[in-house]
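Observations on the three-dimensional arrangement
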Amino acid sequence: MADTLSVVDNRTGKKYELPIQDGTIRAMDLRQIKTGPDDFGMMTYDPAFLNTASCRSAITYIDGDKGILLYRGYPIEELAEHSDYLETAYLILFGELPTASQLQAWTHEITIHTMLHENVKKFMDGFQYDAHPMGIFLSTVGVLSTFYPDAKQIFDKGSRLHQTRRLIAKVPSIAAYAFRHSIGRPYIYPDNELSFTANFLNMLFKMTELKYQPNPVLARALDVLFILHADHEQNCSTSAMRNIGSSHVDPYSALVGAAAALYGPLHGGANEAVLRMLKEIGSVDRVPEFIKRVKSGEGGVRLMGFGHRVYKSYDPRAKVIKRIADLVFTVTGRNPLLQIALELERIALQDEYFISRKLYPNVDFYSGLIYQAMGFPVEMFPVLFAIPRTAGWIAQWEEMLLDQEQKIARPRQIYTGPKVREYVPRDKRS
Ligand code: ACO
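Residues numbered from 1 in each chain as written. Predicted model: local features only at pLDDT ≥ 70, side-chain atom pairs only at ≥ 80, totals over all residues. Heavy atoms only, no water.

Here we take up helix α10 (residues 251-263). Here α10 contains 13 residues, and its C-alpha end-to-end distance of 18 Å stays within 8% of the 18 Å for a straight helix at 1.5 Å per residue. For α10, every residue scored as buried is listed here: Pro251, Tyr252, Ala254, Leu255, Ala258, Ala259, Ala261 and Leu262. Around the axis of α10, the buried residues are gathered within 165° of arc, so they sit on the same side. Looking at the buried residues of α10, the elements they touch are α5 (133-147), α6 (157-182), α9 (236-245) and α17 (381-402). Between the side-chain oxygen of the N-cap and the backbone nitrogen of Tyr252 there are 3.0 Å, and the N-cap of α10 in question is Asp250. (Helix = DSSP H or I, 4+ residues; strand = E, 2+ residues; numbered from the N terminus. Expected span 1.5 Å × (residues − 1). Buried < 20%, exposed > 50% of the residue type's maximum accessible area, 1.4 Å probe, protein only. Arc of directions from axis to C-beta. Contact = heavy atoms within 4.5 Å. Polar contact = N/O pair within 3.5 Å; in protein donor to acceptor, adjacent residues only side chain to side chain.)

Structure follows, in structure tokens:
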């Protein structure tokens, strides 16, 4: 069996043999298909990239039909069970699980980079008192590029590693400062004796006590949530990171664009939208009425936290999150909105509308309930997503930079505007 695709152009009767590799054909191989010498050649039209692979990647594997998610070959369920965020970040970034001494060194390197320059703090002070923490977060990440001009040396391996450490280490500090700023509390400096997530809780919630002691169940839950969010192959924000990075800008500037993409309600803003939806529904008995509205398409209402471009079965992350939720609620008490979420899920999973469209809960359906129970306002949800996704963004950015086949990202278009026309003087326009 030949690994080729035969294409007949019925306009010309010509036949072409296109090589197939990894179940794909190269879009550039279509360019030879022309009706004549003036023809530009055939392109593919794929709005929103529904069926286009833009890169080769060895980082994350998803089987959307079977509900499988692997980081560097390791199932997400096993990592959530046995690993912690920093170890998983190492795996995503460097391709292998670290040895004990590698993990110790990596943890040390991240821990000693958590401080922010005092001028970054001053910059953050300039935000309005009610500024959205995600707006503060992404702007401040951009500011880091002005503090670290060495980050422009993107083809220097040592420099890339340095920026990687800085970014992984500093995003929780920026996130915590953004949170404290938005509620008018003083910023808390990192505590190097605590783990990555325990220190994050310290920077968020420390009050007047001399030493903050986070609840270990909550610190572990946050670790697992961070593992689940660390990478998800070529989603909207990661594609933004790669696209922006393909211009060879520094990683801080590229990461601002990725974080901005994550801010949107169809991506990282979905768990915020889930909570708003649950509040709007208000009680379990109003669930059937809401489902009816979603199905009628009235006002474009969607069941937030349901559906996914890639997963056409239960999102494996949602399964892990449901277990974590039970654990967190033993400490914080049950989130009263949980009952409504469970009822929504129960009804939707039996309903023809959702079954036929393969709409299942995604990672965001339950994560908001956990974050809220832990004391986070909804505005912090996209920020909590951006912290761990930073590992994925950097790994994908570096993979793109080192990929010999990649160039500056530049899609084509089908032009639908007017043909050339003459300029009309203002007084002659109707
Ligand atoms: N509620 C109701 N109907 C839905 C939903 C939903 N959540 N999601 C999709 N549909 C319907 C669409 O109306 C469409 O129906 P139609 O064929 O009758 O027109 C069909 O299912 C296919 O939907 P698309 O919009 O084509 O699917 P797409 O892959 O473009 O969208 C997305 C994926 C954006 C995630 C979508 O399912 C959605 O809006 N979900 C709610 C938002 C959400 O939870 N986002 C988080 C994603 S996970 C993440 O970013 C971490």
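Attention shifts here to the layout of surface pockets. Counted as a void, the second largest pocket has a volume near 230 Å³. If you trace the second largest pocket, you find 18 residues lining it, with Leu86, Thr107, Leu194, Ser195 and Phe196 closest to the centre. Elements that contribute at least two residues to the lining of the second largest pocket include exactly α2 (85-94), α3 (100-111), α6 and α7 (196-205). With four residues, the single largest contributor to the lining of the second largest pocket is α7. Of the residues in the lining of the second largest pocket, the class split is eight nonpolar, seven polar and three charged. (1 Å grid on protein atoms, 1.4 Å probe; cavity = no way out; pocket = protein on both sides within 12 Å on 5 of 7 lines; lining within 4 Å. Points joined across faces, edges and corners; volume = space filled by probe spheres on them. Nonpolar A, V, L, I, M, F, W, Y, C, P; charged D, E, K, R; others polar.)

This brings us to the pattern of salt bridges. Counted under the stated rule, the structure contains 18 salt bridges. With a shortest N-O distance of 3.1 Å, Glu118 and Lys121 are connected by a salt bridge. Within this pair, Glu118 and its partner Lys121 are both found in helix α4 (residues 118-125), separated by three residues, close to a single helical turn. (Salt bridge = Lys/Arg side-chain N within 4 Å of Asp/Glu carboxyl O.)

Ordered by their spatial adjacency, three strands build an open sheet running β3-β4-β5, and the pairing between neighbours is antiparallel. Only two strands of the sheet have a single neighbouring strand rather than two, namely β3 (60-63) and β5 (74-75). Pairing geometry for strand β4 (residues 68-71) and β5, over two bridges, is antiparallel. Within β5, the position partnered with Tyr71 by the bridge is Tyr74. (Pairing = 2+ DSSP bridges.)

This next bit is on the pairing of strand β1 (residues 4-9). Relative to strand β2 (residues 14-19), β1 runs antiparallel, the two being bridged by six bridges. Paired with Leu5 across the two strands is Leu18, which belongs to β2. Here β1 hands over to β2 after four residues, with Gly13 in that stretch at a positive phi of 80°.

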